[in-house]
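Residues per chain are reported as follows:
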Amino acid sequence: MEEKKELLDQDERVVEIELEKLLGFVNHPFKVQADSQMIELQESIKKYGILNPLLVRNEA
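Calculation notes
Residues numbered from 1 in each chain as written. Predicted model: local features only at pLDDT ≥ 70, side-chain atom pairs only at ≥ 80, totals over all residues. Heavy atoms only, no water. Helix = DSSP H or I, 4+ residues; strand = E, 2+ residues; numbered from the N terminus. Buried < 20%, exposed > 50% of the residue type's maximum accessible area, 1.4 Å probe, protein only. Areas by Shrake-Rupley, 256 points an atom, 1.4 Å probe, with all protein chains shown as cover. 1 Å grid on protein atoms, 1.4 Å probe; cavity = no way out; pocket = protein on both sides within 12 Å on 5 of 7 lines; lining within 4 Å. Points joined across faces, edges and corners; volume = space filled by probe spheres on them. Nonpolar A, V, L, I, M, F, W, Y, C, P; charged D, E, K, R; others polar. Expected span 1.5 Å × (residues − 1). Polar contact = N/O pair within 3.5 Å; in protein donor to acceptor, adjacent residues only side chain to side chain. Salt bridge = Lys/Arg side-chain N within 4 Å of Asp/Glu carboxyl O. Patch = residues over 30% accessible without salt bridge, like charges linked within 9 Å, V, L, I, M, F, W, Y side chains within 5 Å.

A. Structural detail: the overall build of the chain. For the chain, the count of helices and strands is one helix and zero strands. When each of the 60 residues of the chain is scored for burial, the buried share is 0%. In the form shown here, the chain has an accessible surface area of approximately 7,300 Å², with 54% of it arising from carbon and sulfur atoms.

B. Seen up close, the layout of surface pockets. By volume, the largest pocket is sized at about 2,300 Å³. Forming the walls of the largest pocket are 40 residues, and the residues nearest its centre are Ile17, Leu22, Leu54, Leu55 and Val56. Of the residues belonging to the lining of the largest pocket, the class tally is 20 nonpolar, nine polar and 11 charged.

C. Geometry of helix α1 (residues 36–48). Along its 13 residues, α1 runs 18 Å from first to last C-alpha, staying within 8% of the 18 Å computed at 1.5 Å per residue. Looking at where α1 begins, the residue whose side-chain oxygen comes 3.2 Å from the main-chain nitrogen of glutamine 37 is aspartate 35. Just downstream of α1, glycine 49 is the residue with a positive phi angle, here 85 degrees.

D. Here's a closer look at the pattern of salt bridges. Under the defined criterion, the tally for this structure stands at one salt bridge. Glutamate 18 is the partner of lysine 21 in a salt bridge, and the nearest nitrogen-oxygen pair spans 3.4 Å. Classification of glutamate 18 by relative accessible area gives partly exposed; the value is 42%.

E. Representation of a nonpolar patch on the surface. Taken together, Val15, Ile17, Leu19, Leu22, Leu54 and Val56 make up a surface patch of nonpolar side chains, about 600 Å² in accessible area. One can find leucine 54 in the segment after α1. The class for leucine 54 is exposed, based on a relative accessible area of 66%.

Right, dumping it as structure tokens:
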């Protein structure tokens, strides 16, 4: 079986960044609410870690 290679654009790469560096923007489609679902999410992350990494873009 041939090994699958992933091709990325020159500006695309996987990096880990601090949460403090993430900033919201006007009309962001995802709203964070401190409710019971957020508590469940926090507990899940503590137990299992991040299952779906976030995709972010650099401000241009």
